[in-house]
Structures are given as structure tokens and as C-alpha cells.
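This is what each chain is made of:
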Amino acid sequence: MPSKMRKRSSSPKKVTYFLSIHIRHDNMADGVRTRKGSELFSGFRALGLYSNHLPHVLRYHGKHREFYLVTAVGSCFHTYNVKKLGIVAVSNSLSEDISCLAADRMLVFAATGRKMAAFARNKEVVHTYEGHEADIQLILTFGDHVISADREGVVIVWDLEEEEEYLRLQFDPTQFCVSAMMHPSTYLNKILLGSTQGTMQLWNIKSNKLLYNFTGWSAGVTVLEQSPAVDVVAVGLSSGRIILHNIKYDETVMSFQQDWGPVTCLSFRTDGHQILASGSPLGHVALWDLDTKTLLSQLRNAHHASVAAATFIHHEPLLVTNGADNCIKVWIFDTAGGGARLLRSRQGHSAPPTKIQHHGENGQNILSAGQDGTLNSFSTVHERFNKSLGHGSINKKKTKKKGLSYEEVRLPAISTFACETARQGEWDGIVSCHRGYLATSTWSYHRCTMGSHRLEPERFHRNRALNVHATAVDITSCGNFAVVGLSSGHIDVYNLQSGLHRGQYGDDTAHQGAVRGVCVDGLSQVTVSAGSDRLLKIWHFKSKTLGHCTQLPAPPASIKLHRDSNMLAVALDDFTINILDLETKRIVRKFPGHRGQINDMTFSPDGRWLISAAMDCTIRTWDLPSGCLVDCFLVSSAPVCVSMSPTGDYLASAHVDNLGVYLWSNKSLCTMVSLRPLPADYEPTTVMLPGTCPSQGEDLEEASEEPSELQDYESPQQLDAKLVTLSLLPESRWKNLLSLDVIKRRNKPKEPPKVPQSAPFFLPTIPGLLPQFTVPTSTGTQSKILNLGVLAQKSPFYLALEDAHRTDIYSEPITLLKQMGPSAIETELRGLSPDMGADACVLLAFMKMIDSMLQGRRDFDLAQAYLALFLKLHLRQIAVDSVATATLSRLSTRLEETWGELQTAFNKSLCVLAYSKTALL
């Protein structure tokens, strides 16, 4: 049974926030706490993964009256409905990648290594079967049992509910290596086993007896499939032959020969047409007519890799196929001649991506170009919003007229591209460079197809033998122009609406070597280019003249511009990154640390972080204001490209030999993250790539992590004696103390309140911010004699202020004032006047209380508000008292000194901030 996840309990910490004007520099190079993984990013999920090389499993849900498709993706499997190919469920992750799949009416069985797990509801593991000493390669469901076969020739029959062995068969792999299993229809308690030696055996698993041994056809058996006819079994061989064999009489009914290599899958059509479908390693599907014993039609290039499985839907003219090219397709047989056409599909990249980039301002779509030559758009919201822009072709019109083959007209893989959404509704908004190809192609995101323009300079039309190709491209923020850099050093400008050439940079060439990167600023005023000649040049965009040139310490590999801040990141071949400010045209930061080629870089939306990915399998985050490395983590395969969403919520990455696009969530948006500078000798730990669902192992590790230093830290009441601390009270408690008379006049009722006829029952309360019920009066007889002492009763604040004047400790009256509202505070301060019967020493005590608050540098905002209201009410009484005037003079001197220190600290902070913004460090 799946283990229950433990919830991490955390007690609330008391956190006090202070406003402090103070600049500190903490040297974190010594004694940095060891981190586990990334402090900033956590694996979220993978996009663009649909299928791998394992055959799919087709299930029928009787209650829903619908067919479901199960495909393996890494360590989990996906469940799709065949009707729309919409994803229904994603299973929990297993410890290893799935090696084979099977399913019955209720459960889905998946093998990982030597173990086999049974999933219920397409998600949860309910049974686990262990007993094999070698990796499991085949699974067959058999009523209340399930049969598994490993690579060492062991076949085990398991009891489903008890998870115990019912029967174990041991075969010698050199004599009979099991390669296929099947249960013949109407054969009770019997299974048919095929071997790589070409022989077959029929076993009774209840009596544990070998019933019959078939001699075979001198070729390994790859597939066994039950035909609609009883006793007839279709056998696929490694030689490409397809045998329809009657196992009851051991006779061959008919045979076919497939010319594309071994037979990978077989399936019979059951809607009244006698058709057999077979798959091949080349991605072709053959359809055989069983009535005429001939080849009916072919599905050429149905997949770009081996066809893993092909299954006809029961009593429907639909064929479901999946392959190792990360693709699921549903074909419908409704064309003339018995052929099939593609009805719907779910497909990602069949080869690893080469470039990814977020498209649009909402960060919900990611453009991805793969080594297979396709350009796809993956949605981070739902798979139904995914788009495929197709494969680039050299000339669509000539292709349609001359009928050229698919391989002859397709363009090479996209090496890099640029996109802009400003004008994508009117003309093409994507421009791509192809590997080893001179011309750049345009794409339309709205029409999901290749554009109509091929951007190619005329200077190379007469000499096609030159090995010149496009190396870099960028689109202006207005979406009107594209800037293309070539390996010959030329940089050309094209108009995207017309596709016409609009000039070039430099008299002959912009650089003496290949152009490694081009970019245009946000206002289309300057163009920045970097070449292999170690020069970084800044051009005027309109006049095409050179404005500035900078010598780089090493040849650049790529450049990345943050248009909002005009910060340019330059990755060099010596594995360092330089940051250049386009305003001052100076290098303001240098980031060494990578130990391999830097493949890609991306900025955070606010321009504070630079995230770089390199061949040393690390993804590093650099903080530009401080110039420090704040986060670094290792991945299992080298990252090829990275892209930060415009909203800053996700980081997308693509990796070597991985077909998916992986999302990493930004933890700083939802939790408090302490980004401290990492030392130069910091050794990062490896983080597993996220799957299509969270891994249980990762959740357990996160649950068992110790709380960080930031969570354990409890702020003191006062950080430093030179700092000024504000109170935590809301502004409504003290900000309007001087305007209470205006507020009272404005809120004065126009007419006296009316007593309601039937007032509800209320418990009497004492006026104040904290609700308190009044104490009931005694029921005894009350004297009618007026007690004059009641009229001169002293308040708790007045008494506390008198006691503080004697003890010189003013914490209690300050606490009482904090608990009062503005009206109560004004009433208490008015009661300090000698005209109200108060002692003259109370005014002195209040001024000393304010002086103690200023001396302790705490509750600075309250001290200012209380003192202002106090002077407004009692300034005339203080002016005629010499002792009070002297005390007020000392208080004024202390207040001026405190404000002077604050003003000096403010000036220093503003000076440092202005100096940092000029990027001259």
C-alpha cells in the first residue's frame, strides 16, 4: 500500500519588523551552511512528454462506455481517453523507469527493474510483487492472476490479491528465452510462450504441464496476437515475416513478408473488415488484406521512430499507434480504397530540444525547437492549448507541384530563433536560423505554420559554394524588423512585413569572424553584436553606423539583453560571464565559476537575477546588484537552454538527451527565501529532473528537511543602539491625532440619535479598542448622597504616569497608551492639564516619558505623534513654568540630535543607492 505522506508541522514564529537605516556587509565566504539542492527553484513538472518506446495498453471502461489509452513516460504512466486524446490521469512516480506495462479491467501493472506494481484508479499503488532476480520484461494479465517474465528465463504466475507466487517456471535462456506471451482465446488455463530462438510452447499453468512444443520458423518471435478466429494466432518474427498459425492443428494458414525489418506489433480490425496491421522499426505501418492475402495500403512515416504498438479499437474503424518518437496518433479508416488518415494526435519532440523561449507576456506558452526540425508551443496551463507549428520546408509551392518526398524538402534543425508578439496578428512574428543553412525562415504563431518569407541576402546568390550560414537573429520590440547575423561576419536587417532587405551594418562586414550574437534594445535605437573576433560593437539602428566598440577578454559564445534595464550579458569561451551596461558602455560585473561551455542565459523579469546553464551540468543564479552567486544546483544531464517566464513564476529548461521541457517553480514567490552569497568553493548537489507528476521520494525528503536558519531566527526588540525602531501599530492609532477636532466636526450628527422601539439585548461593554464587559453593580441600596471624590477620579494612565515619575521607569504608561484609540489618547492628554485638577509634576513626567522613548530609539513614530498632540494641548501651561520649559528644551535638543543622525544615515543610503544605479561598480 502507498505510504502516507507526513505533514510537516511548524510552530508559528514571532516575527517583528523594524525600519532601520543601516547598511551591513556580511562576509558569507566562511562557514556557509550546506544546502540541499536549490534554494531558489524546485522541480514542478515536465512538458511535452507523451510516450516512449514501450507499447501502449488499451482499456475499456464499462461504466463510462469509453476506451482509455495508457502510455509509459519515464517513471510514471499517462492515461488518455481515445475519444479526444485528453489526459485523464497521471500515475504516481515509481523509483525507476517503467520497463513494461499491462492492464486488466481494474488495475494497471507496471514493472520497474525486478519489481512489479499494480495501480488502482490509474494513480495509486495498491499491490507490489517482488520475487524476480532479474529485470522484468513481459507482463500478461490472466483473470485473477498476473504473469511476469524476466530476462533470465523465469516466468512467475502471481495471485493478484495475496501478492504471492502461484507458479514459477524456469527456462534456460540459451534454449528457450521468452520473448512474447499470450493467452489463446477459449483456451482455459493455458498460455502461449514465444522465444527468441523461434520456437513456441503451450503451457497449462494450473497443472504446470507443457502441452505442446511448436518448432517455429528459424527466426525469433517478437509478437503474439490473437486473431478474431478461434485457434488462429498471428506471429511476428524478427525476420519481418508475419505468420497466421492455427495452434490447434499446428498449421500455417497464411503468411506475409514485411520489408522494413522485424515486426514490432500486430493488430486485427474487428468492425467487419478483414485487415491486419503491422508495425516496423522504421516507423511505417502496413495494412494487410486477409481476404485477398495482399498488401492493402501503407502508412509511410506514421512515426519518426519505431512503432511500439498499433491497436484497433473494438468494432470501430480506428487504429491507435504510439512510438518511440514521443507521439500518440489515432487513425481513422474512412478514405477510398481502405486507406487511413490521421484523426488526432498528441506529439512532442522526437529529438531533444535545441532552443526554448517563453512566448507572450503571460508566460503561459513556451516555444521549443528540436533537433527533429519541428517548432512546437507547449502550454503551462493545459495540454489542450499545445500547438505544433510543423516542420520547416525549403519551398512549399515546389513541393506540392513536383511531389517531392518528405526528406528532400525539409529544412535542417533550428539552431536558434527569436519571437515577438507585437505584430504577430498581422504578419509573421518568429524568425529562425537553421543549422548550416544560409536563409532564415519566418513562422506564424497564429496560423501555426511556416511563414511565407525566406530572409536571404543577395550577395551570396552567385557563389553558393561558400560555407556561410545564419548564426544569430533578433526581432525588434515593435515587431517590424529582424536582424540576422551570419558566419561570414555580415549583419543584415529585414522587414518582416514584406521580407525585403533593409540594409546591413558596416561597410563590408560587421565583424572579421562569425557573428555569435545580435540584439536590439527596447526602443530600437541601438543594435549590439558580438563576433568571434573578440569585439563587441554597438551600432545605431537607423543609420547603421558604428557607435562604440569594446574589446572582450575572450571570444564570446552568446549574448543576452534585458531590454528594460539595458543590461547585456556576454558569455565567453573561457566560461565566464560579463555584464555590460549599454548606458555607460562599460563592463560592470564579471561572473566566473562555470567549468564548462555556457549554453544559454536568461534574466529574471525585474533584471535582478541572471540565470546561466552550462555543460558542467549546473544551473547558476547570479545576483546583479551584489555581484554574487546566490544559487547553484546540479542536474543529471547538461542543460542546453533556459528561459524565465515574464511573470517570474517558472524557469523552463531543456537538457541533453531529454525530449521534454522541464519547469522549475520560483520558491521566492510563495515562501521566504534567504539568498546568501555562495563561497567560491561551493559544491552543489544533484537535483533530479521533474517528472510529469511530483515524486514521492522528493516529497519525503522535503518533509524530513530541517528548518532553515531563516525560520529559526527570531528578531530582537532592538537590532542596534544606533538604529531607530518604529512601532507595529497601525497608522489609524497615531497618524490623525492632530486632526481629531476636524474629524469630530465632520462626523458630528445632524440630528440626535433616536432610541429604537424594540432594542435587541446587548451585554454592556466598556468603551475602548479591546472589548470588555462591565461588572454588574451591587444590588444593595445605593446612597443618594453625592460623593464629590468620584468626579475627580484618576485614570489608570494617570496613576501609572505618577508612579513612573517616582521610579523613572516609563514602560507601563507607554504600554497603556499603545492600547488606546485616538479619542482615548486625546482624553488622557487633556486630563494632564492643571485646569483639570492634575498635578504640575504630571506634565514633567509625560515629557520625561517622551524623552525615554527617544533615548531608547524605540516607538519613534508614536513618540512624534504623542509629543505633537501634547504640545498642541499644553504649550501655554508649559511656557509659564520655568521647570517645564527647561525640560522641554532638553527634549528638543535630543530630538534634533536624533533627527540629525537619521538625516545623515538617509543621505548615505541615498548616495550609495544612486551610485549603485549608475552601474559604475
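Residues numbered from 1 in each chain as written. Predicted model: local features only at pLDDT ≥ 70, side-chain atom pairs only at ≥ 80, totals over all residues. Heavy atoms only, no water.

Chemist: Looking at this structure, I do not really get the overall build of the protein chain. What am I missing?
Modeler: Helices and strands together make up the secondary structure of the protein chain, namely 11 helices and 59 strands. Relative to all contacts within the protein chain whose residues are 6 or more apart in sequence, the contacts with residues 24 or more apart total 47%. Carbon and sulfur atoms make up 52% of the accessible area of the protein chain, which totals about 46800 Å². (Helix = DSSP H or I, 4+ residues; strand = E, 2+ residues; numbered from the N terminus. Contact = heavy atoms within 4.5 Å. Areas by Shrake-Rupley, 256 points an atom, 1.4 Å probe, with all protein chains shown as cover.)

Chemist: I would appreciate a short explanation of the nonpolar core in the present structure.
Modeler: Here is a general trend for soluble globular proteins: nonpolar side chains tend to be buried in one another's company. The biggest cluster of nonpolar side chains holds 41 residues, and the ones touching the most others in it are L832, F846 and I850. Contributing elements (two or more residues each) for this core: α6 (796–807), α7 (811–818), α8 (822–830), α9 (840–856), α10 (860–879) and α11 (882–917). Among residues more than four places away in sequence, those in contact with L832 are F797, Y798, L801, A838, D839, V842, L843, F846, F870 and H874. (Core = buried A, V, L, I, M, F, W, Y, C linked by side-chain atoms within 4.5 Å. Buried < 20%, exposed > 50% of the residue type's maximum accessible area, 1.4 Å probe, protein only.)

Chemist: Quick question: what am I supposed to make of the pattern of salt bridges here?
Modeler: Here the idea is simple: oppositely charged side chains can pair when their charged atoms come close. The full count for this structure, using the stated rule, is 23 salt bridges. Note that R423 is salt-bridged to E426, the shortest N-O span being 3.0 Å. Ionic pairing is found between D803 and R806, a salt bridge with its closest N-O pair at 2.2 Å. Here the residue D803 and the residue R806 both occupy positions in helix α6, the gap between them amounting to three residues, near one helical turn. The network of salt bridges with common partners includes E420, D474 and R563. (Salt bridge = Lys/Arg side-chain N within 4 Å of Asp/Glu carboxyl O.)

Chemist: Please clarify how the sheet that holds strand β11 (residues 145–150) should be interpreted in this entry.
Modeler: Two modes of strand pairing occur in sheets, parallel and antiparallel, and in both the strands are linked by backbone hydrogen bonds. Read across the sheet, four strands follow the order β10-β11-β12-β13 without closing on themselves; strand pairing throughout is antiparallel. The open sheet has two free edges, formed respectively by β10 (136–142) and β13 (165–170), since each of these has just one partner strand. Sheet twist, expressed as the average angle between the axes of neighbouring strands with direction ignored, equals 15°. (Pairing = 2+ DSSP bridges. Axes fitted to C-alpha atoms, helices over the stretch in contact; angles between N-to-C directions.)

Chemist: For this particular structure, what's the right way to read the packing of aromatic side chains?
Modeler: Aromatic rings in a pair are described by how distant their centres are and how their planes are angled relative to each other. Inspection of every chain in the model, using the stated rule, returns 15 aromatic pairs. When the ring of Y60 is compared with that of F67, the centres are 4.8 Å apart and the planes differ by 50°; the resulting orientation is tilted. Looking at F67, the relative accessible area reads 16%, which means it is buried. With centroids separated by 5.5 Å and ring planes inclined at 70°, the aromatic side chains of F860 and W899 adopt a geometry described as edge-to-face. (Phe/Tyr/Trp six-rings, centres within 6.5 Å; stacked < 30°, edge-to-face > 60°.)

Chemist: When you look at α8 in this model, what are you seeing that I'm missing?
Modeler: A turn of α-helix holds 3.6 residues, and therefore any two residues three or four places apart point the same way. Along α8, the residues classified as buried are I825, E826, E828 and L829. For α8, the buried positions fall inside an angular range of 165° around the axis, keeping them on one side. Those residues of α8 that are buried lie in contact with α5 (740–746), α6, α7, α9 and α10. (Arc of directions from axis to C-beta.)

Chemist: Can you help me understand the sheet that holds strand β24 (residues 285–289) in this one?
Modeler: A sheet is described by the order of its strands in space; here four strands give the open sequence β22-β23-β24-β25, paired in antiparallel fashion. Where the open sheet ends on each side, the last strands, each with one partner, are β22 (265–268) and β25 (294–299). Sheet twist, expressed as the average angle between the axes of neighbouring strands with direction ignored, equals 20°. Note: β24 against β25, five bridges, orientation antiparallel. Residue pairing for β25: D289 is matched across the bridge by T294.

Chemist: Mind showing me how you'd approach the confidence of the model for the protein chain here?
Modeler: Caution applies to low-pLDDT regions: their predicted coordinates should not be interpreted in detail. Looking at the protein chain as a whole, the pLDDT averages 86, with 87% of positions reaching at least 70. Across residues 786–791, confidence stays below pLDDT 50; counting only partners more than four residues off in sequence or on other chains, it has zero contacts. (pLDDT = per-residue confidence, 0-100.)

Chemist: Just to check I follow, could you spell out the pairing of strand β14 (residues 178–182) for this structure?
Modeler: Across the five residues of β14, five count as buried, placing the element largely inside the fold. Bridge count for β14 against strand β15 (residues 190–195) is four bridges, and the pairing is antiparallel. Looking at β15, one finds that V178 is bridged to S195.

Chemist: What's the story with unusual backbone geometry in this structure? I'm lost.
Modeler: Comment: phi is negative for the bulk of residues other than glycine, and the bulk of peptide bonds are trans. Its identity as a non-glycine residue notwithstanding, H315 has a phi of 60°, on the positive side. Inspection of the secondary structure assignment puts H315 in the loop between β26 (307–312) and β27 (318–323). At N566, a position not held by glycine, the phi torsion is positive, near 60°. If you trace the backbone, N566 turns up in the loop between β46 (556–562) and β47 (567–572).

Chemist: Which parts of the structure should I look at to understand the environment of F860?
Modeler: Tracing the backbone shows F860 in helix α10. In this structure F860 comes out as buried when scored by relative accessible area, which is 5%. Sequence separation between F860 and L726 is 134 residues; the distance between their C-alpha atoms is 5.2 Å. Beyond its immediate sequence surroundings of up to four residues, F860 is in contact with V724, T725, L726, L854, T898, W899 and L902.

Chemist: Can you help me understand the pairing of strand β43 (residues 526–531) in this one?
Modeler: Regular strands place side chains that alternate from one sheet face to the opposite one. Burial analysis of β43 places six of its six residues in the buried class, the great majority of the element. Residues of β43 alternate between two faces, with V526, V528 and A530 on one and T527, S529 and G531 on the opposite face, all of them buried. When strand β42 (residues 515–520) meets β43, the two strands line up antiparallel, connected through five bridges. The residue of β43 that forms the bridge with G517 is A530.

Chemist: So what exactly am I meant to see when it comes to the packing of α6 against α7 here?
Modeler: The geometry of α6 relative to α7 is characterised by a closest axis approach of 8 Å and an angle of 155° between their N-to-C directions. Compared by their axis directions, α6 and α7 come out roughly antiparallel. Crossing hand, α6 versus α7: left-handed. Residues P796, F797, A800, L801 and A804 of α6 pack against E812, P813, L816 and L817 of α7. Taken together, the residues of the contact of α6 with α7 sort by class into eight nonpolar, no polar and one charged. (Parallel < 35°, antiparallel > 145°, perpendicular 65-115°, else oblique. Left-handed = near helix turned anticlockwise from the far one by under 90°. Nonpolar A, V, L, I, M, F, W, Y, C, P; charged D, E, K, R; others polar.)

Chemist: Where do I start with a negative patch on the surface in this structure?
Modeler: Together, D144, E161, E162, E163 and E164 line one region of the surface with negative charge. Inspection of the secondary structure assignment puts E163 in the loop between β12 (154–159) and β13. (Patch = residues over 30% accessible without salt bridge, like charges linked within 9 Å, V, L, I, M, F, W, Y side chains within 5 Å. Lys, Arg positive; Asp, Glu negative; His and termini not counted. Charge placed at Lys NZ, Arg CZ, Asp CG, Glu CD.)

Chemist: Looking at this model, I keep getting lost on the environment of A324. Mind explaining?
Modeler: As for its position among the elements, A324 is in the loop between β27 and β28 (327–332). On a C-alpha basis, the gap between A324 and A305 in space is 5.5 Å, while along the polypeptide they are 19 residues apart. Ignoring anything within four residues of it in the chain, the contact list for A324 reads N52, H53, A305 and S306.

Chemist: When you look at α9 in this model, what are you seeing that I'm missing?
Modeler: Over its 17 residues, α9 runs 25 Å from end to end, which matches the ideal 24 Å to within 8%, given 1.5 Å per residue. Every buried residue of α9 is accounted for by V842, L843, L844, A845, F846, M847, M849, I850, D851, M853 and L854. Each element contacted by the buried residues of α9 is listed here: α6, α7, α8, α10 and α11. Downstream of α9 by a residue or two, R857 has a phi angle that is positive, lying close to 60°. (Expected span 1.5 Å × (residues − 1).)

Chemist: Which parts of the structure should I look at to understand the side chain of K537?
Modeler: Position of K537 among the secondary structure elements: in strand β44 (residues 535–540). Of the side chains with opposite charge, D533 lies nearest to the buried K537, which makes no salt bridge, at 5.0 Å. Reaching out from K537, the side chain makes a polar contact with the backbone oxygen of A510 at a distance of 2.7 Å. K537 has contacts with A510, H511, T527, V528, S529, L546, H548 and C549, leaving out every residue within four places of it along the chain. (Polar contact = N/O pair within 3.5 Å; in protein donor to acceptor, adjacent residues only side chain to side chain.)

Chemist: How do you make sense of the packing of α10 against α11 when you look at a structure like this?
Modeler: For any two helices packed against each other, one specifies the crossing angle of their axes together with the interaxial distance. In the contact formed by α10 and α11, the axes pass within 12 Å of each other and the chain directions differ by 150°. By the criterion of interaxial angle, the relationship of α10 to α11 is roughly antiparallel. Considering only the axes of α10 and α11, their crossing is left-handed. Contacts from F860, Q864, L867, L871, L875, I878 and A879 in α10 reach A884, T885, L888, L891, L895, T898, W899 and L902 in α11. Of the residues contributing to the contact of α10 with α11, the split by class is 12 nonpolar, three polar and no charged.

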